[in-house]
Amino acid sequence: MRFFRTALYCYLIICLSSCYSVRFQVENAQWEPADTEREDAYAGYNVYTLDTVVTRKLTTGQHYFNIPDCSLGKGLHTVEYRTTFGGMLLNAVTFGRKKKVKIKYVCIK
Amino acid sequence: MATTKIDERTRWDTLHKNGPFPLKRFLTTKLEKTSTGLNDFARYNDAATEVQRLIQRAADTHERFRAIGSKWSMSSIAHCEDRMHFNSFMNLKFSIFEGEMHENTAYEHSNLFWLQCGNQIKEISIFLEQRGKSLKTSGASNGQTIAGCISTGVHGSGIAIGSVQDYVVGLNLITGPRPEDILYIERKSKPALRDTYAQNFKAIVIRDDEIFNAALVGLGSMGFIHGVVIEAENLYLLHRYVKKIPKAEALQLADSLDFNNYDPKIPNADFNGVHPFHYKVFMNPYNTNEDMYAVEFIYKIKYYENYKSDFGNPIPFQKEFVYLDLIYLFIKIAEKIPKAIPKLINALKTSILPKEEKTTVGKLSEIFWDAGFQGRAFACSFGVDHTQSSKALELLAALTRKHPVPGIFAMRFIKSTEATLGFSKFPFTCMVEIDGIQWDDDENIISLKEYSKKMIEVLKDNNIPFTLHWGKNANWEFPNLTEHMYGTERVKKWKKVRNRLLSVPMQEVFSNDFLDTVKLSEPLPLDDDLIV
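Reading guide: rules and limits
- Residues numbered from 1 in each chain as written.
- Chains lettered and ligands numbered in written order.
- Predicted model: local features only at pLDDT ≥ 70, side-chain atom pairs only at ≥ 80, totals over all residues.
- Helix = DSSP H or I, 4+ residues; strand = E, 2+ residues; numbered from the N terminus.
- Rg over C-alpha atoms; globule rule 2.2 N^0.38 Å.
- Buried ≥ 20, exposed ≤ 12 C-beta atoms within 10 Å, placed from the backbone.
- Expected span 1.5 Å × (residues − 1).
- Pairing = 2+ DSSP bridges.
- Axes fitted to C-alpha atoms, helices over the stretch in contact; angles between N-to-C directions.
- Contact = placed C-beta atoms within 7 Å.
- Nonpolar A, V, L, I, M, F, W, Y, C, P; charged D, E, K, R; others polar.
- Core = buried A, V, L, I, M, F, W, Y, C linked by C-beta atoms within 7 Å.
- Parallel < 35°, antiparallel > 145°, perpendicular 65-115°, else oblique.
- Left-handed = near helix turned anticlockwise from the far one by under 90°.
- pLDDT = per-residue confidence, 0-100.
- Domains from an automatic or database assignment.

A. Fine view of the overall build of chain B. Scanning chain B from terminus to terminus reveals 17 helices and 22 strands. Computed over C-alpha atoms, the radius of gyration of chain B comes to 23 Å, within 12% of the 24 Å expected from 2.2 N^0.38 for 532 residues, which places it in the range of a compact globule. Counting only C-alpha atoms and orienting by the principal axes, one finds that chain B spans roughly 65 × 55 × 45 Å. Considering chain B as a whole, with its 532 residues, one finds that 48% of them fall into the buried category.

What follows is the structure in structure tokens.
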């Protein structure tokens, strides 16, 4: 019983410390607005979410992924990436071939 | 063609969650794409045609129609149960050239800009800065649309400037579905643009001070504001410093606004005798022993390119907010134990109040930058003559100590407006406001409705003339409120102009529950119209 409790604590500590998000935004551009009922930092923002697993071949690198949602000539206003314990585990057990990508972003108006 | 997406909905809420309110349809109009090759005048006129189609549809179905921008108002002024029109994507901007100016104008053409309704303050500032210009003032943040700002009277603390509507020099209204319902209005006493320029927007020109002043703060009910012409000015910098000064000194400055012989004693700067661009007093109503008040002095200084190397970036690299969950926990405690509110406010004051003794220098758009969502907010804001500001503050603070609510007070000061129903109607209006986090009605704590009613009563009982910020919380059902604030003649003047601009059926289309509540939706009887 004591072993299981210790294992549970360790699991929780690792999970919680490896699960976080970081948000970047440009300071001098207007975000794309939306009328939603959100009650978080994105209240009033039009938020897109990308939640996927990307696969990398062994022989290639320098990947990038295109974001098609923003209007002509408009870039990103905000990007938030999130790491999770599951995502880190997936990356580790596949030796970096599979990466869990979880981002939120807002375009410039 | 501009396109409108119509969403069937059951409810709608403000940004600060002061509702929810019932709603049938939510309309979002987007401009014709630039890839079609249309120029901006054509895209603007195309949007006007689309708005007229939507107005016609509302009239045909005997429904009300209301334009909204960023829904920052906390009162229900932006709400309408039938059709709400989100116009933030209608954001074209036009510079004005010399040949487009009225022959008798006193304005400098390079300072004038025609802005479509959905332009938000931040994007306008960016557009202007690319041309070496700046807005004259803004609210405390930058998310509102220009049409929303002027409809409700958004203000900062521009002692010499006034509110946002006070630098608007022309209005483009759509008052109905017919071609002759597209109007361009400016003051006869201060003409700005040639008729031929307004005709680019297919607008009929009206030059009339009374009509312009009434339509300026139109409460969303003088038709659809499609565009505004603003007067900007050359870029400038603001020097901001927050410090604590003796309470008596802070209040004496508020009551007198006399800075002629006042030295704010700001390190590395000499503003002795200089009138500040902005003066704000913060006040925690629960700290009765406080003999020092935090005050914010902002002075206007000449713009120069390298100010960031002297003062650093006014926008912090890392912006921090108190956890919303912590705020909501605070409110739950407050609802159950209102006596704990003073202690909770004092515990959070370092997070609520601005950092002291720190100089910040930046452009207007940098000083009044993005405001993060801080939870379900409320705000009650009263306009009083600045000479009565300390008295009004003391009365409202005493009321708040008697009926504690989770908020703190501030006072800001605005020059008088010419708008007929502008709440900054005094020569210098002091806006005494309490901002805080909403609470749920509970038997232990006073309701917001009751609290705001008592605020009105205490000012009335003490013979302090007042106005209320149209976009903030108040007991709007209070009997005879609008006439008490503005007087019968002003209310009649406003209604008379509404009669002139809008047919009776269109007055119904452009009304809402808020307007009904404040007794402004009813058309002025024809006899009264002739008398005023």
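B. Layout of helix H1 (residues 40–60) of chain B. Residue and element names in this part refer to chain B. Across its 21 residues, H1 extends 30 Å between first and last C-alpha, which sits within 8% of the 30 Å expected from 1.5 Å per residue. Burial in H1 covers these residues: Tyr44, Ala47, Ala48, Glu50, Val51, Gln52, Leu54, Ile55 and Ala58. Looking one or two places after H1, you find His62, whose phi comes out positive at around 55 degrees.

C. Inspection of the sheet that holds strand E20 (residues 407–415) of chain B at higher detail. Residue and element names in this part refer to chain B. Overall, antiparallel pairing links the eight strands, which are arranged E18-E15-E17-E16-E20-E21-E19-E22 in an open sheet. The open sheet terminates on both sides in strands that have one partner only, identified here as strand E18 (359–362) and strand E22 (466–468). Looking at each pair of strands side by side, their axes are set apart by 20 degrees on average, direction ignored. In this structure, strand E16 (residues 278–283) lies alongside E20, joined through three bridges in antiparallel fashion.

D. Quick look at the interface of chain B and chain A. If you look at the interface, chain B gives 16 residues, while chain A gives 13 residues. Take the side of chain B that touches chain A: its biggest share by element is three residues, from helix H2 (residues 121–129) of chain B. Considering only residue class, the side of chain B that touches chain A consists of six nonpolar, five polar and five charged.

E. Up close: the nonpolar core. Grouped together as the largest cluster of nonpolar side chains are 142 residues, with contacts concentrated most on B:Leu173, B:Ala215, B:Val228 and B:Val229. At seven residues, H1(B) tops the list of elements feeding residues into this core. Not counting residues up to four positions away in its chain, the partners in contact with B:Leu173 are B:Leu183, B:Ile185, B:Ala215, B:Met222, B:Gly223, B:Phe224, B:Ile225, B:His226 and B:Leu501. Membership of the second largest hydrophobic core comes to five residues, among which are A:Tyr45, A:Tyr105, A:Val106 and A:Cys107.

F. Focus on the sheet that holds strand E10 (residues 168–174) of chain B. Residue and element names in this part refer to chain B. The strand order across the open sheet built from six strands is E7-E8-E13-E10-E11-E12, with neighbouring strands paired in mixed fashion. Looking at which strands have only one partner, the edges of the open sheet turn out to be strand E7 (93–95) and strand E12 (204–207). Each strand of the sheet is rotated relative to its neighbour by a mean of 20 degrees, with strand direction disregarded. The sheet contact formed by strand E11 (residues 182–186) and E12 spans four bridges and is parallel. If you follow Glu186 over to E12, its bridge partner there is Arg207.

G. Representation of the packing of helix H8 (residues 324–336) of chain B against helix H9 (residues 341–352) of chain B within the structure. Residues and elements named next belong to chain B. At a minimum axis distance of 9 Å, the contact between H8 and H9 shows a crossing angle of 160 degrees. Considered as vectors, H8 and H9 are oriented roughly antiparallel to each other. Regarding H8 and H9, the two cross each other, and that crossing is left-handed. Contacts from Phe330, Ile333 and Ala334 of H8 reach H9 at Ile341, Leu344 and Leu348. Broken down by class, the residue content of the contact of H8 with H9 amounts to six nonpolar, no polar and no charged.

H. Structural detail: unusual backbone geometry. Look at the link from B:Gly19 to B:Pro20: it is a cis peptide, with omega at 5 degrees. Topologically, B:Pro20 is positioned in the loop between strand E2 (11–12) and strand E3 (21–22). The phi torsion at A:Phe95 lies on the positive side, around 55 degrees, for a residue other than glycine. Mapped onto the elements of the fold, A:Phe95 is located in the loop between helix H2 (85–93) and strand E4 (98–107).

I. How the structure looks around the environment of B:Ala250. With respect to the helices and strands, the residue B:Ala250 is situated in helix H6 (residues 247–256). The sequence separation of B:Ala250 and B:Leu235 amounts to 15 residues, and the corresponding C-alpha distance is 30 Å.

J. Focus on the confidence of the model for chain B. Scored by pLDDT, chain B has a mean of 95; 99% of the residues are at 70 or more. Overall fold confidence (pTM) sits at 0.94, and the ipTM for the predicted complex is 0.90.

K. Spatial organisation of the packing of helix H5 (residues 209–216) of chain B against helix H14 (residues 488–501) of chain B. Residues and elements named next belong to chain B. The contact between H5 and H14 brings their axes to 9 Å, and the two run at 100 degrees. In terms of orientation, H5 lies roughly perpendicular with respect to H14. In contact with Glu210, Ile211, Ala214 and Ala215 of H5, H14 contributes Lys493, Trp494, Val497, Arg500 and Leu501.

L. Structural detail: the environment of B:Glu522. Mapped onto the fold, B:Glu522 is located in the loop between helix H16 (513–517) and helix H17 (526–531). Considering only alpha carbons, one finds B:Glu522 and B:Asp13, 509 residues apart in sequence, at a separation of 26 Å.

M. Representation of the domain arrangement of chain B within the structure. Residue and element names in this part refer to chain B. Partitioning chain B into domains gives domain 1 (3–234), domain 2 (237–362 + 373–478) and domain 3 (484–531). For domain 2 and domain 3, the distance between their C-alpha centroids amounts to 33 Å. Split by residue class, the side of domain 2 that touches domain 3 holds four nonpolar, two polar and one charged.

N. A look at the pairing of strand E6 (residues 83–86) of chain B. All names here are of chain B. Burial along E6 is two-sided: the residues Arg83 and His85 and Met84 and Phe86 are all buried. When strand E4 (residues 25–30) meets E6, the two strands line up parallel, connected through four bridges. By the bridge assignment, Leu27 is partnered in E6 with His85.

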